Amino acid sequence: MDKVKGTGVLMLKKLIKDRGEAFEQEFMSRLDVESRQQWEITTWASSWVHAKLDGPGTLLYETALSLFPGDNNRALRELGKVMAKKGLPRFYQVFIRIPTPQFVFKRVAALWGRFYDTGDAGLENLNKSGATFVLRNYPEYPSYMREYMVGYLLGLGEILHLRGHTVKKVEDNPQAWQWILSWKV
């Protein structure tokens, strides 16, 4: 199991609980044993928690499919957008006030280690209309999480009001997963 900050787990729990008790019970029936236990324990935003990140039955995966039924990839992208919009402004509002998208994306990459105990994120090929978000040293980063990251990066673009913002996932090197970001200036 990977370790992640409790902040994300708490946000997922709130998204589900806000839909009501019946929705939560249906959601919980989809969780595997480890993820159900994770759901039931008390989590603090600043604590490290063990979380399964390997697909069906896990908190993030099942939250995406519960909130956005239908196409799994679309569901993961949509949840990524929601998490960017709900999470980033609450904790890092100061970065959103900075006018350059390059600064925000660079800061998000720098913050990776505060939320995940595995992998090294960075920003490369930075220019006025784009950049490449790169995740190194995490070859087992699950494919569904890579799709979720597309949504998260798109959500950041929406927060920044970027015009024509796109994110292209490049998965040909497990030692350096890439997301190519572009926007109109």
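As the structure is a computational prediction, the values presented were derived from the model and not from experiment.

1. Examining the nonpolar core
Now for step 1: In this structure, Leu79, Phe105, Phe133, Tyr141, Leu153 and Trp179 are the most contacted members of the largest nonpolar core, which totals 54 residues.
Now for step 2: The element contributing the most residues to this core is helix α8 (residues 143-159), with ten residues.
Now for step 3: When near neighbours in sequence (up to four residues on either side) are disregarded, Phe105 contacts Leu123, Leu153, Leu156, Gly157, Leu160, Leu162, His165, Leu181 and Trp183.

2. Thoughts on the packing of helix α1 (residues 6-17) against helix α4 (residues 59-67)
Now for step 1: Following both chains from N to C, one finds α1 and α4 inclined at 30°, their axes separated by 11 Å at the closest point. It follows that α1 is roughly parallel to α4 by the angle criterion. Of the two elements, α1 crosses α4, and the hand of that crossing is left-handed. Here Val9, Leu12, Leu15 and Ile16 of α1 lie close against α4, whose contacting residues are Leu59, Leu60, Thr63, Ser66 and Leu67.
Now for step 2: Taken together, the residues of the contact of α1 with α4 break down into seven nonpolar, two polar and no charged.

3. Looking at the pairing of strand β3 (residues 120-127)
Now for step 1: Bridge count for β3 against strand β4 (residues 130-136) is six bridges, and the pairing is antiparallel. Bridged to Gly122 within β4 is Val134.

4. Comments concerning the sheet that holds strand β6 (residues 176-184)
Across a sheet, strands are paired by hydrogen bonds formed along the backbone, either parallel or antiparallel in direction.
Now for step 1: Across the sheet, four strands lie side by side as β3-β4-β6-β5; this open sheet has antiparallel pairing. Edge positions in the sheet fall to β3 and β5 (163-170), since each of these pairs with one other strand and no more. Strand-to-strand twist across the sheet, computed as the mean angle between neighbouring axes with direction ignored, equals 15°.
Now for step 2: As judged from the seven bridges shared by β4 and β6, these two strands associate in the antiparallel manner.

Cut-off values and rules
Per chain, residue numbering runs from 1 following the sequence as it is written. Thresholds applied to this predicted model are a pLDDT of at least 70 for local features of residues and 80 or more for the giving and counting of side-chain atom pairs; totals over whole chains, interfaces and linings are not thresholded and use all residues. To get the side-chain values, all heavy atoms of the structure are used, and hydrogens and water are removed first. Joining through side-chain atoms within 4.5 Å is the link that ties buried Ala, Val, Leu, Ile, Met, Phe, Trp, Tyr and Cys residues into a set, and such a set is a nonpolar core. The cut-offs for exposure are 20% and 50% of the maximum accessible area for each residue type, with area from a 1.4 Å probe on protein chains only; residues under the lower value are buried, those over the upper are exposed, and the others partly exposed. Secondary structure elements are taken from DSSP: a helix is a run of H or I of four residues or more, a strand is a run of E of two residues or more, and numbering for both begins at the N terminus. Note on definitions: a residue-residue contact is assigned when non-hydrogen atoms from the two residues lie within 4.5 Å. Every axis in this analysis is a line fitted to C-alpha atoms, fitted for helices over the stretch in contact. Angles between the N-to-C directions lie between 0 and 180 degrees. Small angles under 35 degrees read as roughly parallel and large ones over 145 as roughly antiparallel, with 65 to 115 read as roughly perpendicular and the rest as oblique. Put simply, a crossing is left-handed when the front helix is turned counterclockwise from the back one by less than a right angle, and right-handed when it is turned clockwise. As a working rule, the residues Ala, Val, Leu, Ile, Met, Phe, Trp, Tyr, Cys and Pro are called nonpolar, Asp, Glu, Lys and Arg charged, and the rest polar, with Gly in that last group. At least two DSSP bridges between two strands are needed for those strands to be called paired.

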